[in-house]
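Observations on chain architecture
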Amino acid sequence: MQIIYPSQLFHPTIPDETFEQEFYCAQQQGIHCLLLSSDAAAMGEHRFSAPFESDVPVIWRGWMMAGDEYQQLHQAVAKQGVTLMTSPEDYLRSHHLTGWYSLCRDFTPETHITERDADFDKLVEELQWPAYFVKDYVKSLTTQRGSIARNAGEIREIIELLEKFRGQIEGGICLRRFEHFDDQSEKRYFVLNKRIYAADDTIPEQVIAIAQRIERPFYSIDMAINDSGKLRLIEIGDGQVSDIKEWAVERFVQMLLSSVDT
């Protein structure tokens, strides 16, 4: 396996601080690691710190990208004679809620997917949910205001704040029926080459069932327990842009290595 990491801005030979520990750990374990120049990428160019190894799987471990940005990276890597393991289509199927919700609706809060300018007064009247968790296809509002709404006016308020702080709405709007989760119970699982990995080696039956429905090379599964004591799916994400959360860096890198041997 070989991995592309983002560089520090204006320092193309130094890994970004967020991924620095993982970068050096992967190098020490014998994984070929390259840096993508962050300042060049900001200008629409793709400069890599070293040549790629031929016939070796490539993954990106860095910031979330919009669909067109990932497409451009995929094309830039292809010009080097190698291929990113995750296609642009599979990236969006994991990165966007719309790519996995219909496959996993029985494991996750009920969700209504709509447009940014939908008639939310009408929707609220139709849905009649006690509360709504509001997000776009990718992210929720992480400010102190939070993403929980109880009426159409609050839904519109959250959408405006999403646009303000994120710059744009990605895809559309997802109204999720609010369920309260125990934050301490949340865990992240990774699925790589059809094998499920857990930070503590414990894999619940629900995670196994979800993974059987998703056909992508590398993705994450976030689970948590709700107030009813049920283990529920919070979201699925592309594994390349999912942080490691409760995982030790060394264990995450070992996962990458072991997946190559399976």
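Let me sum up the structure you'll find in this document. (Residues numbered from 1 in each chain as written. Predicted model: local features only at pLDDT ≥ 70, side-chain atom pairs only at ≥ 80, totals over all residues. Heavy atoms only, no water.)

With that settled, the discussion passes to the overall build of the protein chain. When you go through the protein chain residue by residue, the secondary structure sums to 9 helices and 12 strands. The C-alpha atoms of the protein chain give a radius of gyration of 19 Å, which matches the 18 Å a tight globule of 262 residues would have. With respect to the three principal axes, the spread of C-alpha positions in the protein chain is 55 × 40 × 30 Å. For the protein chain, the share of sequence-separated contacts (at least 6 apart) that also reach a separation of at least 24 residues comes to 67%. Accessible area of the protein chain: about 13100 Å², with a carbon and sulfur share of 46%. Counting 26 positive and 42 negative side-chain charges, the protein chain places the centres of these two groups 4 Å from one another. (Helix = DSSP H or I, 4+ residues; strand = E, 2+ residues; numbered from the N terminus. Rg over C-alpha atoms; globule rule 2.2 N^0.38 Å. Contact = heavy atoms within 4.5 Å. Areas by Shrake-Rupley, 256 points an atom, 1.4 Å probe, with all protein chains shown as cover. Lys, Arg positive; Asp, Glu negative; His and termini not counted. Charge placed at Lys NZ, Arg CZ, Asp CG, Glu CD.)

Next up on the list: the sheet that holds strand S8 (residues 173-177). Remark on secondary structure: sheet strands pair via backbone hydrogen bonds, oriented parallel or antiparallel. Pairing is antiparallel across the open sheet formed by 4 strands, whose spatial order is S5-S8-S6-S7. Each edge of the open sheet carries a strand with a single partner, namely strand S5 (111-114) and strand S7 (148-149). Strands strand S6 (132-136), S7 and S8 of the sheet are contacted by helix H7 (residues 152-166), whose axis makes an angle of about 30° with S6. (Pairing = 2+ DSSP bridges. Axes fitted to C-alpha atoms, helices over the stretch in contact; angles between N-to-C directions.)

What follows covers the environment of Val241. Relative to the elements of secondary structure, Val241 occurs in the loop between strand S12 (231-238) and helix H9 (249-261). A relative accessible area of 10% places Val241 in the buried class. As for Val241 and Tyr101, which are separated by 140 residues in sequence, their C-alpha atoms are 19 Å apart. (Buried < 20%, exposed > 50% of the residue type's maximum accessible area, 1.4 Å probe, protein only.)

Now for the packing of helix H6 (residues 120-127) against H7. Contact geometry for H6 and H7: axes closest at 8 Å, N-to-C directions at 125°. The angle between H6 and H7 falls in the class oblique. Judged by the twist between their axes, the crossing of H6 over H7 is right-handed. Two secondary-structure elements touch here, H6 through Phe120, Asp121 and Val124 and H7 through Ala152, Ile155, Arg156 and Ile159. Per-class residue counts for the contact of H6 with H7 are 5 nonpolar, no polar and 2 charged. (Parallel < 35°, antiparallel > 145°, perpendicular 65-115°, else oblique. Left-handed = near helix turned anticlockwise from the far one by under 90°. Nonpolar A, V, L, I, M, F, W, Y, C, P; charged D, E, K, R; others polar.)

What follows concerns the sheet that holds strand S11 (residues 218-225). Pairing in this open sheet of 4 strands is antiparallel, and the strands run S10-S9-S11-S12 from one edge to the other. The open sheet has two edge strands with one neighbour each: strand S10 (195-198) and S12. In this sheet, neighbouring strand axes are inclined to one another by 25° on average, regardless of whether the strands run parallel or antiparallel. Pairing geometry for strand S9 (residues 187-192) and S11, over 6 bridges, is antiparallel. Directly across from Phe190, in S11, lies its bridge partner Ser220. Of the strands in this sheet, S11 and S12 are in contact with helix H4 (residues 88-95), which crosses S12 at around 150°.

Here 7 bridges tie S11 to S12, and the two strands are oriented antiparallel to one another. If you follow Asp222 over to S12, its bridge partner there is Glu235.

The tally for this structure, following the rule as stated, stands at 11 aromatic pairs. Note on Phe48 and Phe52: the rings are 5.0 Å apart at their centroids and 70° apart in plane angle, and the pair reads as edge-to-face. As far as the burial class goes, Phe48 and Phe52 line up, both buried. Arranged with centres 6.0 Å apart and planes meeting at 35°, the rings of Phe190 and Phe218 form a pair that is tilted. Placement of Phe190 in strand S9 and of Phe218 in strand S11 is noted, with a sequence separation of 28 residues between them. Across this residue pair, the class does not change: Phe190 and Phe218 are buried. (Phe/Tyr/Trp six-rings, centres within 6.5 Å; stacked < 30°, edge-to-face > 60°.)

Another point: the pattern of salt bridges. As enumerated under the stated definition, the model contains 19 salt bridges in all. Ionic pairing is found between Arg166 and Asp136, a salt bridge with its closest N-O pair at 2.2 Å. Of this pair, Arg166 sits in helix H7 while Asp136 sits in strand S6; the two residues are 30 residues apart in sequence, bridging distant segments of the chain. What makes Asp136 buried here is its relative accessible area of 0%. Residues Lys187 and Asp200 are paired through a salt bridge, measuring 2.9 Å at the closest nitrogen-oxygen approach. Placement of Lys187 in strand S9 and of Asp200 in the loop between S10 and helix H8 (205-211) is noted, with a sequence separation of 13 residues between them. By relative accessible area, which is 38% here, Asp200 ends up partly exposed. Linked through salt bridges whose partners overlap, the residues forming this network are Glu186, Arg188, Asp222, Asp243 and Lys245. (Salt bridge = Lys/Arg side-chain N within 4 Å of Asp/Glu carboxyl O.)

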